[in-house]
Amino acid sequence: LGAFFSSKAVVSTQSTGKKEESDDDDFKFSDDDEEEEKKAPKETEMQKMKRIAAERKAAADAEAKKKKAQLKSNVILDVKPWDDETDMAELENAVRGITMEGLIWGSSELVKVGFGISKLRISTCIVDDLVGLYDLEDNICALEDYVQSVDTVSHNK
């Protein structure tokens with residue numbers, strides 16, 4: 001019986017030794033946990049770049065909401081006079097005399113139509129939110145002494 005107990009005692013100490021080791025793995029009271037916690041919040045270069053890009057995008061979106069981009073259009077208009085006796089210099093001055101917020105007049109030229117009649121082709125840049133193209137055409141057509149009609153040659157946003 002004595003040998004039996006001694007071998008059992010050895011087995012039991014070996015098994016408890018293993019259990020203690022496994023218990024030690026579960027409950028570590030060392031600096032290893034603190035190192036893992038320190039490593040966890042560290043971000044990789046890719047994560048850092050993504051975070052910075054997201055922050056910049058959020059800042060740009062917030063800035064865009066504050067300062068809405070002004071959409072502009074380049075418009076070329078043909079202004080047709082009543083006849084060949086219409087003074088085209090006065091017509092151009094009258095058209096350029098139309099002022100609206102968001103309206104910038106550009107270059108102009110006289111284009112021969114036929115029978116001695118020329119039309120005024122004038123370019124302009126308009127801010128879409130401030131100037132309506134139809135309103136501009138109506139204002140030009142209101143110059144009844146000079147203008148027969150107005151056509152839009154091109155409208156580029």
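Being a predicted model, the structure only gives us computed values, none of them experimental.

Visitor: Is there a simple way to think about the pattern of salt bridges in this case?
Guide: Note that side chains of opposite charge can pair when their charged atoms are close. Inspection of the entire model under this criterion finds six salt bridges. Where R121 meets D78, a salt bridge forms, and the shortest distance between an N and an O atom there is 2.9 Å. Of this pair, R121 sits in strand β3 (residues 117-127) while D78 sits in strand β1 (residues 72-81), and the two are 43 residues apart along the sequence. For R121, a relative accessible area of 26% translates into the label partly exposed. For the salt bridge of K157 with D128, the shortest nitrogen-to-oxygen distance reads 3.3 Å. Of this pair, K157 sits in the segment after β4 (147-156) while D128 sits in the loop between β3 and α5 (133-141), and the two are 29 residues apart along the sequence. For K157, a relative accessible area of 75% corresponds to the exposed category.

Visitor: Please clarify how the nonpolar core should be interpreted in this entry.
Guide: Across soluble globular proteins, nonpolar side chains show a tendency to be buried alongside one another. By size, the foremost hydrophobic cluster in this structure holds 18 residues, and its most contacted members are L77, V79, V95, W105, L136 and I140. Among the elements of the structure, β1, α4 (88-96), β2 (103-114), β3, α5 and β4 are those that each provide at least two residues to this core. With residues near it in sequence (within four places) discarded, L77 still touches L120, R121, I122, L133, L136, E137, I140, V150, D151, T152 and V153.

Visitor: In this structure, what is going on with the pairing of β3? I would like to understand it.
Guide: A regular strand places its side chains on the two faces of the sheet in alternate fashion. With nine of 11 residues buried, β3 lies mostly within the body of the structure. Between β2 and the antiparallel strand that follows it, β3, lie two residues; F115 among them carries a positive phi value of about 55 degrees.

Visitor: How do you make sense of unusual backbone geometry when you look at a structure like this?
Guide: Most of the time, phi is negative for any residue but glycine, and the peptide bond is trans. Even without a glycine there, the phi angle at F115 is positive, about 55 degrees. Its place among the elements puts F115 in the loop between β2 and β3.

Visitor: What exactly am I supposed to notice about α5 here?
Guide: Residues spaced three or four apart along an α-helix point in a common direction, a consequence of the helix completing one turn every 3.6 residues. Those residues of α5 that sit buried are L133, L136, E137 and I140. Along the axis of α5, the buried residues cluster in a sector spanning 100 degrees; they form a single face. For α5, exposure combined with an orientation more than 90 degrees from the buried face picks out Y134 and D138. In the core, the buried residues of α5 are packed alongside β1, α4, β2, β3 and β4.

Quick notes on the rules
Residues numbered from 1 in each chain as written. Predicted model: local features only at pLDDT ≥ 70, side-chain atom pairs only at ≥ 80, totals over all residues. Heavy atoms only, no water. Salt bridge = Lys/Arg side-chain N within 4 Å of Asp/Glu carboxyl O. Helix = DSSP H or I, 4+ residues; strand = E, 2+ residues; numbered from the N terminus. Buried < 20%, exposed > 50% of the residue type's maximum accessible area, 1.4 Å probe, protein only. Core = buried A, V, L, I, M, F, W, Y, C linked by side-chain atoms within 4.5 Å. Contact = heavy atoms within 4.5 Å. Pairing = 2+ DSSP bridges. Arc of directions from axis to C-beta.

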